[in-house]
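What follows is the residue order along each chain.
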Amino acid sequence: DAGITQSPRHKVTETGTPVTLRCHQTENHRYMYWYRQDPGHGLRLIHYSYGVKDTDKGEVSDGYSVSRSKTEDFLLTLESATSSQTSVYFCAIGATRDPGEQYFGPGTRLTVT
Amino acid sequence: QQPVQSPQAVILREGEDAVINCSSSKALYSVHWYRQKHGEAPVFLMILLKGGEQKGHEKISASFNEKKQQSSLYLTASQLSYSGTYFCGTANYGQNFVFGPGTRLSVLP
């Protein structure tokens, strides 16, 4: 299994509070992705990174920001959480571009009350 | 530009075969297949590239029809362990990689 972890695994927060989710990899893969998964929508790309400090928006990026200051860490921040951001968040990593095989972390279940 | 998957759900008995389809309205240069078991993360199965390159996994194979912009996943002699939700992901020229909504497969003893 690819060495990829996510923290926290579960979080409950209130509307309007900032939240940061962390994805950590030990594979030294260049590409990292953040997805959210909701019933009926499958997996939707939020942001992705193709290197340190190189990030780009995905399909559903509004309300989210990301940062990648080290190869191994990719942070997802909800500046002011809303109930519509209640979801399961998956981080994924990939070694090749455009995109190649992706390996997913265990996921973070976020509930915004 | 989310790809369309069919069927939405399928139930079969152990040992039976199944086909899951994935289609896109735009030209594709690669199709990916993933399987996700309940409460777990998606797991990569295979990738199909324009030009015919294909990778396989156990008794699961797939085809990629570039002209029809569609891919099919074939599960042969299904095992109980095949149960889960199957997602296709498509890469279109100049656009982000996108997952389909998933097909829920249930294999019964």
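Since we're looking at a predicted model, the values are computed, not measured.

**Student:** Explain the side chain of His47 of chain A to me, please; I cannot follow it from the model alone.
**Tutor:** All names here are of chain A. Positionally, His47 belongs in strand 5 (residues 42–51). Here the side chain of His47 touches Asp56 through a polar contact of 3.3 Å, landing on its backbone oxygen. Engagement of the side chain of His47 in a polar contact is seen with the backbone oxygen of Tyr64, the distance being 3.1 Å. Setting aside residues up to four positions removed in sequence, His47 forms contacts with Tyr33, Trp34, Asp56, Lys57, Gly58, Ser61, Tyr64, Ser65, Val66 and Phe74.

**Student:** Is there a simple way to explain the interface of chain A and chain B in this structure?
**Tutor:** The accessible area lost on association of the parts is a frequent measure of interface size. Contacts between the two partners involve 20 residues from chain A and, on the opposite side, 19 residues from chain B. Here chain A and chain B share an interface that buries about 1,400 Å² over both sides, 57% of which is from carbon and sulfur atoms. For the pair chain A and chain B, the interface holds 3 residue pairs in polar contact (both at pLDDT 80 or more). Only strand 4 (31–38) and strand 5 of chain A provide two or more residues apiece to the side of chain A that touches chain B. Ranked by the residues each element gives to the side of chain A that touches chain B, the list is headed by strand 5 of chain A, at 4 residues. Partitioning the side of chain A that touches chain B into residue classes produces 8 nonpolar, 8 polar and 4 charged.

**Student:** Any chance you could explain the pattern of salt bridges here in plain terms?
**Tutor:** Opposite charge on two side chains makes pairing possible when the charged atoms of those side chains draw close. Residue and element names in this part refer to chain A. Applying the stated criterion across every chain, the model contains 4 salt bridges over all chains. Residue Asp73 is joined to Arg22 by a salt bridge in which the shortest nitrogen-to-oxygen separation is 3.1 Å. You can see Asp73 sitting in strand 8 (residues 73–78) and its partner Arg22 sitting in strand 3 (residues 19–25), a full 51 residues away along the chain. When its relative accessible area of 35% is taken as the criterion, Arg22 is described as partly exposed.

**Student:** Sorry, what's going on with the environment of Lys50 of chain B here?
**Tutor:** All names here are of chain B. With respect to the helices, strands and loops of the structure, Lys50 is situated in the loop between strand 5 (43–49) and strand 6 (60–65). Residue Lys50 is classed as partly exposed on the basis of its relative accessible area, which comes to 47%. Sequence separation between Lys50 and Ser30 is 20 residues; the distance between their C-alpha atoms is 5.9 Å.

Parameters and conventions
- Residues numbered from 1 in each chain as written.
- Chains lettered and ligands numbered in written order.
- Predicted model: local features only at pLDDT ≥ 70, side-chain atom pairs only at ≥ 80, totals over all residues.
- Heavy atoms only, no water.
- Helix = DSSP H or I, 4+ residues; strand = E, 2+ residues; numbered from the N terminus.
- Polar contact = N/O pair within 3.5 Å; in protein donor to acceptor, adjacent residues only side chain to side chain.
- Contact = heavy atoms within 4.5 Å.
- Buried area = accessible area lost by both parts, 1.4 Å probe.
- Nonpolar A, V, L, I, M, F, W, Y, C, P; charged D, E, K, R; others polar.
- Salt bridge = Lys/Arg side-chain N within 4 Å of Asp/Glu carboxyl O.
- Buried < 20%, exposed > 50% of the residue type's maximum accessible area, 1.4 Å probe, protein only.

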